[in-house]
Amino acid sequence: MGGTKQTQSDDSASRPTALAKLFLEDGTVLVGTSFGCHKAVEGEVVFCTGMVGYPESLTDPSYQGQILTLTQPMIGNYGVPDRTVMDEFGLPKYFES
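Keep in mind the model is a prediction, meaning the values are calculated, not measured.

**Digging into a nonpolar patch on the surface**
A surface patch of nonpolar side chains, about 420 Å² in accessible area, is lined by Leu19, Phe23, Val29 and Val31. Looking at the nonpolar patch, the elements that each hand over two or more residues are β1 (19–23) and β2 (29–33). Among the secondary structure elements, leucine 19 is positioned in strand β1. Take leucine 19: its relative accessible area is 60%, and that puts it in the exposed class.

**Thoughts on the side chain of histidine 38**
Note that histidine 38 resides in the loop between β2 and β3 (44–48). A distance of 2.5 Å separates the side chain of histidine 38 from the side chain of serine 34, its partner in a polar contact.

**Here we look at the pairing of β2**
Here β1 runs beside β2; their pairing, made up of five bridges, is antiparallel. Paired with lysine 21 across the bridge in β2 is valine 31.

**Details of the side chain of serine 57**
One can find serine 57 in helix α1 (residues 54–58). A relative accessible area of 11% means that serine 57 is categorised as buried. Residue contacts for serine 57: discarding those within four places in its chain leaves Cys48, Tyr63 and Leu68.

Conventions used here
Note that residues are indexed from 1 along each chain, following the sequence as it is written. Thresholds applied to this predicted model are a pLDDT of at least 70 for local features of residues and 80 or more for the giving and counting of side-chain atom pairs; totals over whole chains, interfaces and linings are not thresholded and use all residues. With hydrogens and water set aside, each side-chain value is computed from the structure's full complement of heavy atoms. Like charges are joined within 9 Å and nonpolar side chains (Val, Leu, Ile, Met, Phe, Trp, Tyr) within 5 Å, but only among residues with over 30% relative accessible area and no salt bridge; these make up the patches. Working definition of accessibility: Shrake-Rupley area with a 1.4 Å probe, residue cover restricted to the visible protein chains. Salt-bridge detection follows one rule: a side-chain nitrogen of Lys or Arg within 4 Å of a carboxyl oxygen of Asp or Glu. Only runs of H or I of at least four residues qualify as helices and only runs of E of at least two qualify as strands under DSSP, and these elements are numbered from the N terminus. Remark: exposure states derive from per-residue accessible area (1.4 Å probe, protein chains only) relative to the maximum for the residue type, with buried under 20%, exposed over 50%, and partly exposed in between. Two N or O atoms form a polar contact when they lie within 3.5 Å of each other; inside protein one atom must be a possible hydrogen donor and the other a possible acceptor, and for residues adjacent in sequence the pair counts only when both atoms belong to side chains. A strand pair is defined by DSSP finding two or more bridges across the two strands. Here, residues are in contact when the closest pair of their heavy atoms is within 4.5 Å.

Here you go:
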């Protein structure tokens, strides 16, 4: 896939368009849309079935070297907090985790 391409995290971010492929051991190939860091990786695919706590799962160091799959369909479907709104300490007001 070449070099690393970071996605934007401000209002100018556009919908991801890069294709991603997941190659399974049995020869199955799954095609989807890549988001985040567009970079080739390999690892064991694991599942997180929880309805809450996914921000913690995504940053949990115990998943290092694994490809974490979130199975709950509503993950992130409620929107993304505005990163320009700050609290009284100068931190993003709606920052999760």
